Amino acid sequence: MLQSYLAASAKHDAVYHESMLGSKLVIAEREVLQAQLVIQLDEIALLLEMAAVRNSEILVASGFDCAKERRGHARSKTVPAAPGAPTAEQEQGGSGT
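Predicted model only: the values in this text are computed from it and were never measured.

Criteria and thresholds
- By convention here, each chain's residues receive numbers from 1 onward along its written sequence.
- In keeping with the predicted nature of the model, local features appear solely for residues at pLDDT of at least 70, side-chain atom pairs appear and are counted solely at 80 or more, and the whole-chain, interface and lining totals rest on all residues.
- With hydrogens and water set aside, each side-chain value is computed from the structure's full complement of heavy atoms.
- Note on conventions: DSSP H or I runs of at least 4 residues are helices, E runs of at least 2 residues are strands, and numbering of each starts at the N terminus.
- With a 1.4 Å probe rolled over the protein chains alone, any residue whose accessible area is under 20% of its type maximum counts as buried; one over 50% counts as exposed, and the rest are partly exposed.
- For this analysis, residues touch if any pair of their heavy atoms sits within 4.5 Å.
- To measure how exposed things are, a 1.4 Å probe is used in the Shrake-Rupley method; for residues, cover is taken only from the protein chains shown.
- Any helix carries an expected span of 1.5 Å times its number of residues minus one.
- Buried Ala, Val, Leu, Ile, Met, Phe, Trp, Tyr and Cys residues form a nonpolar core when they are joined through side-chain atoms within 4.5 Å.
- pLDDT is defined as a per-residue confidence score from the predictor, taking values between 0 and 100.

K.L.:
I keep staring at the overall build of the chain and nothing clicks. Help me out?
P.N.:
Summing up its helical and strand segments, the chain has four helices and zero strands in all. Written out in order from the N terminus, the α and β elements of the chain read α-α-α-α. For the chain, buried positions account for 13% of its 97 residues. The contacts in the chain between residues at least 6 apart in sequence include a share of 32% that link residues at least 24 apart. Only carbon and sulfur atoms are counted for the fraction: they give 58% of the accessible area of the chain, which is about 8,600 Å².

See the structure below:
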């Protein structure tokens, strides 16, 4: 599993730098590789968790940062407009209807 992860990580690194040139095919390949890496990291994390049941020192020796997963409410990325503020369409001279 480690060899597979390291190979995928090295390939992702090369594709990532190549995708900076803007090729849509390379960017799509990068996205696929990222998804594969996430799956492999999830598998590694599960194996570490199972091994840690018997020996908690494994987590410390793994090199991963150990933290509890925190889930909160998703934040909105948009700021609500003030009441009575013109919309973008009204500012451009649109009728708004």
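K.L.:
What exactly am I supposed to notice about helix α2 (residues 24–54) here?
P.N.:
Because each turn of an α-helix spans 3.6 residues, side chains separated by three or four positions end up pointing in the same direction. Along its 31 residues, α2 runs 46 Å from first to last C-alpha, staying within 8% of the 45 Å computed at 1.5 Å per residue. Restricting attention to buried positions, one finds in α2 the residues Val26, Arg30, Leu33, Leu37, Gln40, Ile44, Leu48 and Ala52. Lining the buried residues of α2 we find α1 (2–19) and α3 (57–62).

K.L.:
How should I be thinking about the nonpolar core in this particular structure?
P.N.:
As a rule of thumb, nonpolar side chains are buried together in soluble globular proteins. If you look at the biggest cluster of nonpolar residues, it comprises five residues: Tyr5, Ala8, Leu37, Ile44 and Leu48. The greatest single-element share of this core, amounting to three residues, is contributed by α2.

K.L.:
Even after reading the chapter, I still don't get the side chain of Gln40, so can you show me in this structure?
P.N.:
Summarising the element assignment, Gln40 is placed in helix α2. With near-sequence residues (within four places) excluded, Gln40 lies in contact with Ser4, Tyr5 and Ala8.

K.L.:
Just checking my understanding: could you explain the confidence of the model for the chain for this structure?
P.N.:
If pLDDT is low for a region, its predicted coordinates should not be looked at in detail. Residues of the chain with pLDDT of at least 70 account for 67%, and the chain-wide mean is 75. For the chain, the element scoring lowest by mean pLDDT is helix α4 (residues 88–91), at 48; α2 scores highest, at 89.

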